[in-house]
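Listed here are the chains, written in short residue letters.
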Amino acid sequence: FVTKLKCNFQPLKFHMSNQIRLRLLPSTRCLFDEPVQLKVAGLRSRQVVTIKATSTDEREVVFGSSATYRADDGGEVDLNRDPSLNGSYVGVQPMGLLQSLKADTLHKYFFKNKALKPHVVKFSVHEQEADGRILAEETNERFLMGDGVSRDPIKEGNIRGVLFTPPGEGPFPAVLDLGTFMSEKRACLLANKGFLVLTIAVFSDRQNMKEIHLDPFKEAVDFLRHHPKAGSKGVGIISRSKGTDIALSLAAFVPGVEALVWINGTSASVGTPLYYKKQQILSPLMFDFSKVITTKSGANLIKYATDDPLEEKNKGSLVPIERAKSQFLFVAAEDDLNWDSKDYMDEMVERLKRCGKENFETVFYPGAGHLLEPPYGPFCSSALHGMLSFSVVWGGEPRAHAAAEIHLWKKIQEFFRTHLSCDAAQAKANL
């Protein structure tokens, strides 16, 4: 079935307590990747208050944050202007309450991967003195799907995914969103920006991790190439972490990949052998679990446990990206503690240069960690690793990481628009 979601963005509304007003601007409803401005009015001059945020993820885990502010002489607090004095963060951070949401227990990732329900955040203003009573409150509904975007589950051949289509006749640039596990978030947010996006997962479940076959992913590429609303001759691919070696392999071995965004990934087939057309094409790059370091928090540092792909015995695991005709955007974070994505990126750049290629650009984010996602979601420094079944540290300084996500989200869109030019004649040829 095809689902169309109407956001019905409404005019601003707010609750009042003794004329104290909490406002969310420009509206209480917005898209997930849009900022809101929080303002409080009606306080006493220079009054100190605590502003709290709470949200429950798809696994019913409650996340919360708080920050203390001092009103100005006119009794107003503006999070775009005023610094937090203490709490979950300090200083001027307009979206700090959302980005610092945390669970009461350690190593929790905020799961918001399904597109049909909004990310709901409840804000409240509390008296600093006495019993901390609520002075005002408001709810922010942050939708993943914009007006007119279609959501269509796909079960065709070996493809198991979800297709997001922007409103209108098209043609649209086509993008394959390749996650380690299934998530609809990034795909539908890209569809809001005018991209035709199919999201699929490397692993459909945790039982099938012994080997990977490239053929089903080729089917996904071909599905997008021949979609009647696809206007680009080839497709773009966006991936992070384990998905990056599959994405690189598609660019190297499968025709039709025009542009590839590689985020905090690897240059080799990590953990599993890769097969194509019933033949092994890449050997697995393995882990040395004796190099895993357990931190004081109980989460594990695994960055140094992956074998070196440049050692002679491991070179069969390297993806031959020099064969690819696509454009690459390589993105690495300085504090990626999952693996050494900066070294992998540098090695691939040097390899392409040696082959006389200039089909790449790089972005490096100081202070950012592994989990670079669309902006304004809760920062996660450690969580259960989906492949390894124990908690790991992801890295990142919260403020630097948040800034990187805002910049990267714009960069991704610019990159795909540049290299996936749309042609109405191509869309007609697909019919």
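Residues numbered from 1 in each chain as written. Predicted model: local features only at pLDDT ≥ 70, side-chain atom pairs only at ≥ 80, totals over all residues. Heavy atoms only, no water.

By the naming in an unreviewed UniProt entry, the protein chain is Acyl-coenzyme A thioesterase 2, mitochondrial-like, taken from Neolamprologus brichardi. In its Sequence similarities (unreviewed entry) section, the UniProt record describing the protein chain reads: "Belongs to the C/M/P thioester hydrolase family." (UniProt positions renumbered as here; feature names shortened; annotations may be inferred.)

In terms of helices and strands, the protein chain carries seven helices and 27 strands. Against the globule reference of 22 Å for 431 residues, the protein chain gives a C-alpha radius of gyration of 23 Å, in line with a compact fold. Principal-axis analysis of the C-alpha atoms places the extent of the protein chain at approximately 70 × 55 × 40 Å. A burial count over the protein chain gives 56% of its 431 residues as buried. With an accessible surface of roughly 18,700 Å², the protein chain has 50% of that area assigned to carbon and sulfur atoms. Taking the average place of the 54 positive charges on the side chains of the protein chain and the average place of its 51 negative ones, the gap between the two points comes to 3 Å. (Helix = DSSP H or I, 4+ residues; strand = E, 2+ residues; numbered from the N terminus. Rg over C-alpha atoms; globule rule 2.2 N^0.38 Å. Buried < 20%, exposed > 50% of the residue type's maximum accessible area, 1.4 Å probe, protein only. Areas by Shrake-Rupley, 256 points an atom, 1.4 Å probe, with all protein chains shown as cover. Lys, Arg positive; Asp, Glu negative; His and termini not counted. Charge placed at Lys NZ, Arg CZ, Asp CG, Glu CD.)

Let us look at the environment of Lys-242. By secondary structure assignment, the location of Lys-242 is in the loop between β18 (235-240) and α4 (243-253). Spatially, the C-alpha atoms of Lys-242 and Asp-147 are 32 Å apart, while their sequence positions differ by 95 residues. With residues near it in sequence (within four places) discarded, Lys-242 still touches Thr-180, Val-202, Phe-203, Ile-212, Ser-269, Val-270, Thr-272, Trp-339 and Met-387. Within the local environment of Lys-242, its side chain forms a polar contact with the backbone oxygen of Val-270, the two atoms lying 2.7 Å apart. (Contact = heavy atoms within 4.5 Å. Polar contact = N/O pair within 3.5 Å; in protein donor to acceptor, adjacent residues only side chain to side chain.)

A few words now on the sheet that holds strand β21 (residues 279-282). Strands sit in the order β17-β20-β21 across an open sheet of three strands; the sheet is mixed. Single-partner strands in this sheet number two, and they are β17 (212-213) and β21. Examined bridge by bridge, β17 and strand β20 (residues 274-276) share two bridges and lie parallel to one another. Bridged to Ile-212 within β20 is Leu-274. Docked against the sheet, α4 engages β17, β20 and β21, running at close to 30° with respect to β20. (Pairing = 2+ DSSP bridges. Axes fitted to C-alpha atoms, helices over the stretch in contact; angles between N-to-C directions.)

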